[in-house]
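If you want the building blocks of each chain, they are given just below.
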Amino acid sequence: MFKKFSHYFLPYPDNNHRALLLQPSFLALFVAVYLLNQSFIKSFTIARPGVLGYSSEITISKVLDQTNTERVKLGLKPLTFNSTLSKSAQLKADDMFTNNYWAHTSPEGKSPWDFFNNAGYEYSVAGENLAKDFYDTEGLLKAWMNSPTHRENIINPKYQEIGIGVVNGILGGVKTTLVVQHFGTPRNGVVLASVPPDDIAVESSFIQNIPIASPIQLNKIFAMIMFVFIICLLIVDSYITLKNKTPRLTGSSAGHIGFLLIILLLLIFTHQGTIF
């Protein structure tokens, strides 16, 4: 009984010197299970919106400080925090949550400039950066700075003021944090500094029901477990094959292990979050 069970994990002549779990049919099953897991999590977020999500450490002052740090590095003047622009950014984030969309232009055709106008900010030039699903401000700013269009907004010398919205809610059935940057220069040329509000990373309703894990994190953990399991099987397979000097026409296990390790490292170090 034990030997029959071990055929799934160890190479024997009866299984063509390849553990059954490493043969194509079982590898295809691994892929199917992974896809089913993704589908289940996605369906769960739709059936039970708000149960899964992201707990963020991002605050307005951190986004402001790190944005200005990037400008100062290039010899540019720091942006002045403007409460009217922050109201505009807040309105945009609220509108995305209310109407369940993720874009610069709403399904009703509202552009970023409509939110500037609704907040009462008269501008000569203006711009917008959007982000969601980021856990920390460092990862958020890094993603923006690695994107040419978002970077251009952050380091644009024409902008003098900035407003920031950090808002929590449910988007597409998933709890998340939306971060909106609104850049501008007042039409009258008068820059009025405002004091950033006290940092509250999340709303009280969000604090009372902090999600255990995000959908992306759950998928990532599940994929990592599968990859580690297969890599361990390959290592055992390679050891036994080399020890017994078993001739085999299949591909190199060392090559497979190296390939899977690269994918595993990419899974571990891949950042979360989306910018727009």
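Here the structure is a predicted model, which is why all the values come from computation and not from measurement.

Procedures and definitions
Residues numbered from 1 in each chain as written. Predicted model: local features only at pLDDT ≥ 70, side-chain atom pairs only at ≥ 80, totals over all residues. Heavy atoms only, no water. UniProt positions renumbered as here; feature names shortened; annotations may be inferred. Helix = DSSP H or I, 4+ residues; strand = E, 2+ residues; numbered from the N terminus. Axes fitted to C-alpha atoms, helices over the stretch in contact; angles between N-to-C directions. Parallel < 35°, antiparallel > 145°, perpendicular 65-115°, else oblique. Left-handed = near helix turned anticlockwise from the far one by under 90°. Contact = heavy atoms within 4.5 Å. Nonpolar A, V, L, I, M, F, W, Y, C, P; charged D, E, K, R; others polar. Salt bridge = Lys/Arg side-chain N within 4 Å of Asp/Glu carboxyl O. Buried < 20%, exposed > 50% of the residue type's maximum accessible area, 1.4 Å probe, protein only. Polar contact = N/O pair within 3.5 Å; in protein donor to acceptor, adjacent residues only side chain to side chain. Phe/Tyr/Trp six-rings, centres within 6.5 Å; stacked < 30°, edge-to-face > 60°. Pairing = 2+ DSSP bridges.

A. Inspection of the UniProt feature "transmembrane region" (unreviewed entry) in the chain at higher detail. In the numbering used here, UniProt assigns the "transmembrane region" (unreviewed entry) feature to residues 20–37, 221–241 and 253–270. Taken end to end, residues 20–37 is 78% helix and 0% strand, and its two terminal C-alpha atoms sit 22 Å from one another. The span residues 221–241 shows a helical share of 100% and a strand share of 0%, and its end C-alpha atoms are spaced 30 Å apart.

B. Inspection of the packing of helix α4 (residues 83–99) against helix α5 (residues 112–119) at higher detail. Viewed as axis vectors pointing N to C, α4 and α5 meet at an angle of 130 degrees, and their least axial separation amounts to 8 Å. In terms of orientation, α4 lies oblique with respect to α5. Here the hand of the crossing between α4 and α5 comes out right-handed. From α4, T84, L85, K87, S88, L91, K92 and D95 reach across to α5, where they touch P112, F115, F116, N118 and A119. Taken together, the residues of the contact of α4 with α5 break down into six nonpolar, three polar and three charged.

C. Summary view of the pattern of salt bridges. Tallied over the entire structure, the rule returns three salt bridges. Residue E128 pairs with K92 through a salt bridge whose shortest N-O separation is 2.9 Å. Of the two residues, E128 is situated in strand β2 (residues 123–132) and K92 in helix α4; the sequence distance between them amounts to 36 residues. On the basis of relative accessible area, K92 is assigned to the buried category, the value being 0%. One salt bridge connects K110 with D95, and the closest N-O pair in it is separated by 3.6 Å. Placement of the pair is K110 in the loop between α4 and α5 and D95 in helix α4, with a sequence separation of 15 residues. On the accessibility criterion, D95 (9% relative accessible area) is buried.

D. The arrangement of the side chain of H182 in detail. One can find H182 in strand β4 (residues 174–186). Separated by 3.4 Å, the side chain of H182 and the backbone nitrogen of A89 make a polar contact. In terms of polar contacts, H182 uses its side chain to reach the side chain of E128, at 2.7 Å.

E. Structural view of the packing of aromatic side chains. Scanning the entire structure with this criterion turns up five aromatic pairs. Seen in terms of ring centroids, W113 and F116 are 5.8 Å apart; in terms of plane orientation they differ by 45 degrees. Their pairing is tilted. Of the two residues, W113 and F116 both sit in helix α5, three residues apart, roughly one turn of that helix. For F116, a relative accessible area of 0% translates into the label buried. Clustering of aromatic rings is evident, with ring pairs tying together W113, F116, Y121 and Y123.

F. A look at the pairing of β4. With respect to burial, β4 is a largely interior element, 13 of its 13 residues being buried. On β4, burial covers both faces: V174, T176, L178, V180, H182, G184 and P186 on one face and K175, T177, V179, Q181, F183 and T185 on the other are all buried. Examined bridge by bridge, β2 and β4 share nine bridges and lie antiparallel to one another. Opposite A126, over in β4, you have G184 as the bridge partner. Note that strand β3 (residues 161–171) and β4 share eleven bridges and pair antiparallel. Counterpart to L171 in the pairing with β4 is V174. Hairpin connection between β3 and β4: a loop of two residues separates the two successive antiparallel strands, and G172 in this loop has a positive phi of roughly 60 degrees.

G. Spatial organisation of the pairing of β3. Extensive coverage of β3 is indicated by the burial of ten of its eleven residues. Pairing of strand β1 (residues 80–81) with β3, which is carried by two bridges, proceeds in the parallel orientation. Note on β3: the bridge partner recorded for F81 is I162.

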